[in-house]
Amino acid sequence: MSSPPNNRICFVTNGTPEADAAATRLKARYGDYPLDVADVVVALGGDGLMLQTLHRVMRTGIPVYGMNFGSVGFMMNAFSEDNLDQRLDLVQRTRIFPLSMDVVDTAGKTQTALALNEVSLFRSTYQAAKIQIIVDGETRLEELICDGVLLSTPAGSTAYNLSAHGPILPIEAELLALTPISPFRPRRWRGAILSNGAVVRFITREAGKRPVSAVADNVEFQNVLEVTIKEDRTQGVTLLFDPGTSLEERVLSEQFRF
């Protein structure tokens, strides 16, 4: 009689032939369990799949271990079919928390979404966006004329935030990055680093003439009037990494690349 597995694994893939073929082999070797009884999720794909999977497990407390079948794989481990149980027993854990976004659109409808990487506002037409920025009830910027603006978590600071020339934040830092996207006025404003306890509110100016969309990771709302964002510490997700390749180490290393 065979001994029970060390970890009840739920495998998910990004749907590519290579990832699906690898999942078939891994399931035959290590078993495959439904999400509601699994101890860990093993995601075979790239950072997009990892982000989707983390949102999926956010309210379950199940940790996620990624193996890279994508292009970048910043949040993924190297792929190997061997010794998966032993690798899962030796992992380093990183806990991250989402931003909660409350949106009011121009029709007065209110909607909510969570973002593990960032909340972004974007102009929806050729017209530049005009956005007022309020932090903890105080107006800090009366009018930012721009393509958009984003608020990033430490985990998301090496993603779109970095591409927009925002700062890289250490994973355990209790900070958020507020970064403009192609600012026109004020031209020299490069953003701000805020406490993770800050409540940030964006108000769009001339919303009818200059429509703006708001995006929380992969959830988008059109024609927004106001967006309020704050970190939500009541729920979070756990990522698993092989020893020596933790997310903390990857974020630190990213600051010395050129």
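Up top you'll find the structure we're talking about.
Residues numbered from 1 in each chain as written. Predicted model: local features only at pLDDT ≥ 70, side-chain atom pairs only at ≥ 80, totals over all residues. Heavy atoms only, no water.

> How should I be thinking about the overall build of the chain in this particular structure?
Helices and strands together make up the secondary structure of the chain, namely five helices and 16 strands. Against the 2.2 N^0.38 benchmark of 18 Å for 258 residues, the chain shows a C-alpha radius of gyration of 20 Å, consistent with a compact globule. Counting only residues that meet the buried cut, the chain has 51% of its 258 residues in that class. If you take every contact in the chain between residues at least 6 apart in sequence, the share linking residues at least 24 apart comes to 66%. Accessible surface computed for the chain: about 12400 Å², of which carbon and sulfur atoms make up 50%. Positive and negative side-chain charges of the chain, numbering 25 and 30 respectively, have mean locations separated by a distance of 7 Å. (Helix = DSSP H or I, 4+ residues; strand = E, 2+ residues; numbered from the N terminus. Rg over C-alpha atoms; globule rule 2.2 N^0.38 Å. Buried < 20%, exposed > 50% of the residue type's maximum accessible area, 1.4 Å probe, protein only. Contact = heavy atoms within 4.5 Å. Areas by Shrake-Rupley, 256 points an atom, 1.4 Å probe, with all protein chains shown as cover. Lys, Arg positive; Asp, Glu negative; His and termini not counted. Charge placed at Lys NZ, Arg CZ, Asp CG, Glu CD.)

> Help me out: how do you make sense of the sheet that holds strand β3 (residues 64–68) in this one?
Working definition: the strands of a sheet are paired by backbone hydrogen bonds and lie parallel or antiparallel to each other. The five strands lie next to each other as β1-β2-β3-β16-β4, forming an open sheet whose pairing is mixed. Each of the sheet's edge strands pairs with one partner strand only, and the pair in question is β1 (9–13) and β4 (92–96). The average undirected angle you get between the axes of adjacent strands in this sheet is 30°. Across five bridges, strand β2 (residues 40–45) lies against β3 in parallel orientation. Paired with A43 across the two strands is G66, which belongs to β3. (Pairing = 2+ DSSP bridges. Axes fitted to C-alpha atoms, helices over the stretch in contact; angles between N-to-C directions.)

> So what exactly am I meant to see when it comes to the pairing of strand β7 (residues 118–123) here?
The side chains of a regular strand alternate between both faces of the sheet. Examined bridge by bridge, β7 and strand β9 (residues 138–152) share five bridges and lie antiparallel to one another. Within the sheet, the bridge partner assigned to E118 lies in β9 and is S152. Pairing of β7 with strand β13 (residues 212–216) involves five bridges; the strand directions are antiparallel. Bridge assignment links S120 to a residue of β13, and that residue is V215.

> Explain the packing of aromatic side chains here, please?
Each aromatic ring pair is characterised by the separation of its centres together with the angle its planes make. Under the criterion given, the structure shown has two aromatic pairs. Taking the centre distance of 4.8 Å and the plane angle of 65° together, the rings of F69 and F79 count as edge-to-face. Of this pair, F69 sits in the loop between β3 and α3 (84–89) while F79 sits in the loop between β3 and α3, and the two are 10 residues apart along the sequence. Exposure remark for F69: the relative accessible area of 22% places this residue in the partly exposed category. (Phe/Tyr/Trp six-rings, centres within 6.5 Å; stacked < 30°, edge-to-face > 60°.)

> Sorry, what's going on with the environment of D105 here?
On the secondary structure map, D105 appears in strand β5 (residues 99–105). For D105, a relative accessible area of 13% translates into the label buried. Sequence-wise, D105 and T16 are 89 residues apart; in three dimensions their C-alpha atoms are separated by 37 Å. Excluding residues within four positions of it along the chain, D105 makes contact with Q111, Q222, N223, V224 and L225. Of note is the side chain of D105, whose polar atom sits 2.9 Å from the backbone nitrogen of K109. (Polar contact = N/O pair within 3.5 Å; in protein donor to acceptor, adjacent residues only side chain to side chain.)

> Even after reading the chapter, I still don't get the side chain of S152, so can you show me in this structure?
In this fold, S152 is placed in strand β9. Side-chain polar atoms of S152 contact the backbone nitrogen of S157, separated by 3.1 Å. Once you skip the residues sitting within four places of it in the chain, S152 turns out to touch N117, E118, S157, N161, L169, L176 and A177.

> Explain the pattern of salt bridges here, please?
Once the charged atoms of two side chains with opposite charge are near each other, the side chains can pair. Under the criterion given, the structure shown has 13 salt bridges. Across the salt bridge formed by R8 and D39, the nearest N and O atoms sit 3.0 Å from each other. Here R8 is found in the segment before β1, whereas its partner D39 is found in the loop between α1 (17–30) and β2, with 31 residues between them in sequence. Residue D39 is classed as partly exposed on the basis of its relative accessible area of 31%. One salt bridge in this structure joins D147 and R123, with 2.6 Å as the shortest N-O distance. Pair noted here: D147 is in strand β9 and R123 is in strand β7, with a separation of 24 residues, a long-range link. Under the relative-accessibility criterion, D147 is labelled partly exposed at 26%. Taking the relative accessible area as the measure of exposure, R123 reaches 31% and is therefore partly exposed. Each of K130, E206 and R210 takes part in a single network of salt bridges with overlapping partners. (Salt bridge = Lys/Arg side-chain N within 4 Å of Asp/Glu carboxyl O.)

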